[in-house]
Amino acid sequence: MSPKKNKNQTSSQSNEATENKAVAETEKQEVEQVTNSDLDTKKGGGAEQDSQKEQDSKVEKDSAKSEESSKSPKEALAKSKEDKDSPVVADAEDTPINDDFSARIIVVTSGKGGVGKTTTAASISTGLASKGHKTVVVDFDVGLRNLDLIMGCERRVVYDFINVLNGEARLNQALIKDKHVDNLYILAASQTKDKDSLSYAGVGKVLKELSDMGFEYIICDSPAGIEAGALIALYYADAAIVTTNPEISSLRDSDRILGILYAKSRRAVNNKESVDCKLLLTRYDVDRVTKKDMISLEDINSLLRIPVLGVIPESKEVLKCSNDGIPVILNQKCDAGKAYQDAVERLLGKEMPLRFTTEKTFFQKIFG
């Protein structure tokens, strides 16, 4: 082969290699373009899906807001309470019940603690039941609960007032039949809840149900002062036994309670006849009054100006009976028990002279 021919052949091979390389580069670029195009398509589709999800989520939220806004304030408040795991008691707006009750609701109240309200509630309810009247006594002192101790039924409490309000028990299940007299039932308070557990609507429904069950008298043992439990009990009162000691602080607090009864009770709000308020004076000591160490009944009358239901003399038997779980009115021998019996007679409309308000004569001291 001639040198010229070899040179031409080499040149031809070189040109062919160059063309093959160019074709390969072109095919590579086409493959990369297709791949990038596919990736862009996939990304675009994912973005569209994400965008669609965001739109769907927004629509759901807007729908939920619209549904929530369409609810009435009452339903919204109830839903809010449910979300907080707090029981909705009776009515979310806590509207008091202003229906007429067939039972007479008597509230035993005072502005000051330790004056004998629970002792009085136990004795008055026991006295009414012993006279043949179907009576229930309700403990409003949520968180403390002493009425069941004085009534001697503390071991028989299974369900309490708050259980009934929260729908955890029926009223019949919570009522405890008294073991001392017939026609008497006790509704105990809760020791594990606070007084905010009570509501005007819930309490009103329970009182209405008790009235519909045929009870003639509902005695409410109110806590001292003007906290929630006391104000709710005072609101539903038809009559009030204002219990006080012959002390100036107790008398001033009692005067404040009278103002609430006359202005904020159910009867006052609905322009009905005023609450029938009566004074029960406890721990009265005639000897100390004579020595001017204690405020006299006359001075107390001039301060409060309400009829006197009874004067309960100072007696050691009151404490003894309370510790024994027996209402002192059942003690026929002590003066305090006799004074409570007189108070019940006056409450039922019978005229009774006031005893234990004057110093005993020599023969009374000897022969009792």
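A quick note: this is a predicted structure, and the numbers were derived from the prediction, not measured.

Our focus in this paragraph is helix H7 (residues 200–212). Look at H7: 18 Å from first C-alpha to last across 13 residues, which is about the 18 Å you get at 1.5 Å a residue. Of the residues making up H7, those classed as buried are Ala201, Gly202, Val203, Gly204, Val206, Leu207, Leu210 and Ser211. After H7 finishes, the residue Gly214 shows a positive phi value of roughly 100 degrees.

Looking now at the pairing of strand E8 (residues 308–313). For E8, the tally of buried residues reaches five of six residues, placing the bulk of the element in the interior. Alignment of strand E7 (residues 276–284) against E8, held across four bridges, turns out to be parallel. Along E8, the bridge assignment pairs Leu279 with Val308.

Read from one edge of the open sheet, eight strands run E3-E4-E2-E5-E1-E6-E7-E8, paired in mixed fashion. A single partner strand is all that each edge strand has here, and the edge strands are strand E3 (176–177) and E8. Bridge count for strand E1 (residues 104–109) against strand E5 (residues 217–221) is five bridges, and the pairing is parallel. Residue pairing across strands places Ile106 opposite Ile219, the latter belonging to E5. Sheet contacts for helix H14 (residues 335–347): E1, E7 and E8; angle to E8, the most-contacted strand, approximately 175 degrees.

What counts and what doesn't
- Residues numbered from 1 in each chain as written.
- Predicted model: local features only at pLDDT ≥ 70, side-chain atom pairs only at ≥ 80, totals over all residues.
- Heavy atoms only, no water.
- Helix = DSSP H or I, 4+ residues; strand = E, 2+ residues; numbered from the N terminus.
- Expected span 1.5 Å × (residues − 1).
- Buried < 20%, exposed > 50% of the residue type's maximum accessible area, 1.4 Å probe, protein only.
- Pairing = 2+ DSSP bridges.
- Contact = heavy atoms within 4.5 Å.
- Axes fitted to C-alpha atoms, helices over the stretch in contact; angles between N-to-C directions.

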